[in-house]
Amino acid sequence: ASGLKLAPGQSVSYYLEGVDNDAVVGPKKGVSRTQTLKLYSAAEHRRLAVEKAQALWERLVTHLADRMEGPDRQAAKKTFEEVRGGAALDERGIQLSADALDLAGELGRERDAPGELVDAVHNAGTGLRTVVASTSGARRIYLRLRGSGPDFSARVASMAATEVLSTEKSVLYLESLLDRQRLRELKELAEQLRADRRELSRLLEDFQRNAKDEQTQAKLLEQMQQLKADIARLMERMAELSKGIRDEHLNKEALQELMGCSLAKSLR
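The paragraphs below set out a description of the structure included in this document. Quick caveat: nothing in here was measured; it's all calculated off a predicted structure. (Residues numbered from 1 in each chain as written. Predicted model: local features only at pLDDT ≥ 70, side-chain atom pairs only at ≥ 80, totals over all residues. Heavy atoms only, no water.)

### Topic: the environment of Ala43
Phase 1 of the analysis: By the secondary structure assignment, Ala43 is in helix H1 (residues 42-69).
Phase 2 of the analysis: Given the relative accessible area of 27%, Ala43 is considered partly exposed.
Phase 3 of the analysis: Residues Ala43 and Arg184, 141 residues apart in the sequence, show an inter-C-alpha distance of 9.6 Å. (Helix = DSSP H or I, 4+ residues; strand = E, 2+ residues; numbered from the N terminus. Buried < 20%, exposed > 50% of the residue type's maximum accessible area, 1.4 Å probe, protein only.)

Dropping the structure here:
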């Protein structure tokens, strides 16, 4: 086991095997159940946190689009049915805010979850809950009065406009943090990629030095094939991350990181 070189996030399976000393009918062998041990990976935990925050961000974008495209923000007087129809979006917004707060609590308990991302998700949930409650409150008054009396239709429009501005800020800020987390992961993967390529070069040198030892060469070849597969997965993940970064400046930095790794590959 001392010869294993496991990186964080990798797993190893093991079992115990025992042989008794029965001298009458012969030794009998017993084998335990196979167990799997996975090394803790801070990078993997951060990646999972980012994925959950990304899913929430996408829901925020959808809610924002629905509010912007709906009739609530229209300054002109709306029909009773149009105002009543927006109640369903209010309910979805309240549920989304609750889900955001739940996610912030969940991520806050996770080891190595990015603190600034946790705070951003929490603030997005708190902010959304406040503005949606205002929109919903104006709508309830309008519906209770059946559209008569003061022009509460304009009040609904005002609250919906405030909600749009607030949600836009949350979307943009959360988006910027997600981009920065992707760039951080990209740089970590790039460093791992460089280390894997150095190890691959070392294994190749060992392979060439042991040209007459077929057994050793077979083991080295197996290790090299595994490393090549790992490198291919790293490159694929890095390309995916680079495409997911929306900020133009950060995306340029991500591409430079990715191209630097590709150049290093071509020089080997």
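Now that the structure has been shown, the text picks up again.
### Concerning empty space enclosed by the protein
Phase 1 of the analysis: Tallying each qualifying case throughout the model produces 1 cavity of 30 Å³ or more.
Phase 2 of the analysis: Looking at the largest cavity, its volume works out to about 60 Å³.
Phase 3 of the analysis: In terms of lining residues, the largest cavity is bounded by Ala43, Arg46, Arg47, Val50, Gln181, Arg184, Glu185 and Glu188.
Phase 4 of the analysis: Of all the secondary structure elements, the ones that give two or more residues to the lining of the largest cavity are H1 and helix H5 (152-209).
Phase 5 of the analysis: Tallied by class, the residues present in the lining of the largest cavity amount to 2 nonpolar, 1 polar and 5 charged. (1 Å grid on protein atoms, 1.4 Å probe; cavity = no way out; pocket = protein on both sides within 12 Å on 5 of 7 lines; lining within 4 Å. Points joined across faces, edges and corners; volume = space filled by probe spheres on them. Nonpolar A, V, L, I, M, F, W, Y, C, P; charged D, E, K, R; others polar.)

### What about the packing of H5 against helix H6 (residues 214-244)?
Phase 1 of the analysis: The geometry of H5 relative to H6 is characterised by a closest axis approach of 9 Å and an angle of 160° between their N-to-C directions. Of the possible angle classes, the one that applies to H5 and H6 is roughly antiparallel. Handedness of the H5/H6 crossing: left-handed.
Phase 2 of the analysis: Of the residues that constitute the contact of H5 with H6, the class distribution is 17 nonpolar, 4 polar and 10 charged. (Axes fitted to C-alpha atoms, helices over the stretch in contact; angles between N-to-C directions. Parallel < 35°, antiparallel > 145°, perpendicular 65-115°, else oblique. Left-handed = near helix turned anticlockwise from the far one by under 90°.)

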